[in-house]
Amino acid sequence: LYLFEMLKAAAAIALALGVQASEDPVQLCMPKVHTVHVSTFRDVQHEERHRPPDEMKAGDEIQIFFDMGQQKSLVWIHDDGPRSGRREPDHGQLTDYAKQRQWNWDYVNKTVQRCSLQVQTRPMAPICFSPAAVLNGTGTIGEDFPIEFYSEHVVDPSRQVDEMLFTLMEKGSTSKPVKQDRRGRQVQPDRSIVEWFDRISWYNMVETPIDPKVFAIPDACPA
């Protein structure tokens, strides 16, 4: 949790130095067409305060191909993460929002196996990861990579939830995330307290058009 505290302190320093912060919250969402790797660390499994897109729930180490124009997304899921040295995914998830269909399968020796089909009625929408964030200040990662600090404080008395989101974005963008820390607590009906800390990192993001062949249904899957 030390990085989380350091980043909050950096934002506070930026404010102290006179870096102008925004007064109005802004929505932080991924581009409508993008390919990106996402790595998530969770120290406690907890109920999401809002339902995240299926793409973000697919796994902790994933690559997302997302195209709202084609109304399709593909997620490659890695069980072991980037440190395993394996580039091939372990599972796949293809969603055709226009046809309300979603396929899930396993990769075994680079071949598609155990493919299943289910109905997906949720309409496609941008992947948003902080709906009401406030700009706190600016800084750099390393020597010269400019970033902006955003924060969101969520209080839900009905569910006894208190959560803080702290997000690093590429400077000048509300659609190019670098990292997000989420820290929260919830009082349970028996008065016990559940606390959690999540860290999400995005990397190797591109916004170039996605070849429709990427979204082809594997031959081993039901049509």
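Above this note sits the structure.
Residues numbered from 1 in each chain as written. Predicted model: local features only at pLDDT ≥ 70, side-chain atom pairs only at ≥ 80, totals over all residues. Heavy atoms only, no water.

A. Examining the overall build of the protein more closely. Secondary structure assignment for the protein yields two helices and twelve strands. Start at the N end of the protein and walk to the C end: the helices and strands fall as α-β-β-α-β-β-β-β-β-β-β-β-β-β. Burial analysis of the protein (223 residues in total) assigns 40% to the buried set. When contacts within the protein are restricted to residue pairs at least 6 apart in sequence, long-range pairs at least 24 apart make up 52% of them. Within the structure as shown, the protein displays about 12,400 Å² of accessible surface, and the carbon and sulfur contribution to it stands at 51%. (Helix = DSSP H or I, 4+ residues; strand = E, 2+ residues; numbered from the N terminus. Buried < 20%, exposed > 50% of the residue type's maximum accessible area, 1.4 Å probe, protein only. Contact = heavy atoms within 4.5 Å. Areas by Shrake-Rupley, 256 points an atom, 1.4 Å probe, with all protein chains shown as cover.)

B. Region of the structure containing the nonpolar core. Counting residues in hydrophobic clusters, the biggest one holds 21 residues, and the most contacted among them are Val38, Ile64 and Trp202. When contributions to this core are tallied by element, the ones reaching two or more residues are strand 2 (33-42), strand 3 (61-67), strand 4 (72-77), strand 8 (128-141) and strand 12 (193-206). Every residue in contact with Val38, bar those within four places of it in the chain, is listed here: Met56, Asp60, Glu61, Ile62, Ile64, Ile200, Ser201 and Trp202. One finds Leu94, Trp105, Cys115 and Ile210 within the second-largest nonpolar core, a separate group that totals nine residues. (Core = buried A, V, L, I, M, F, W, Y, C linked by side-chain atoms within 4.5 Å.)

C. Summary view of the packing of aromatic side chains. Tallied over the full model, the rule gives four aromatic pairs. A centroid spacing of 5.0 Å and a plane angle of 45° characterise the contact between Phe129 and Trp202, whose relative ring orientation is tilted. Placement of the pair is Phe129 in strand 8 and Trp202 in strand 12, with a sequence separation of 73 residues. Trp202 shares its class with Phe129; the two are buried. (Phe/Tyr/Trp six-rings, centres within 6.5 Å; stacked < 30°, edge-to-face > 60°.)

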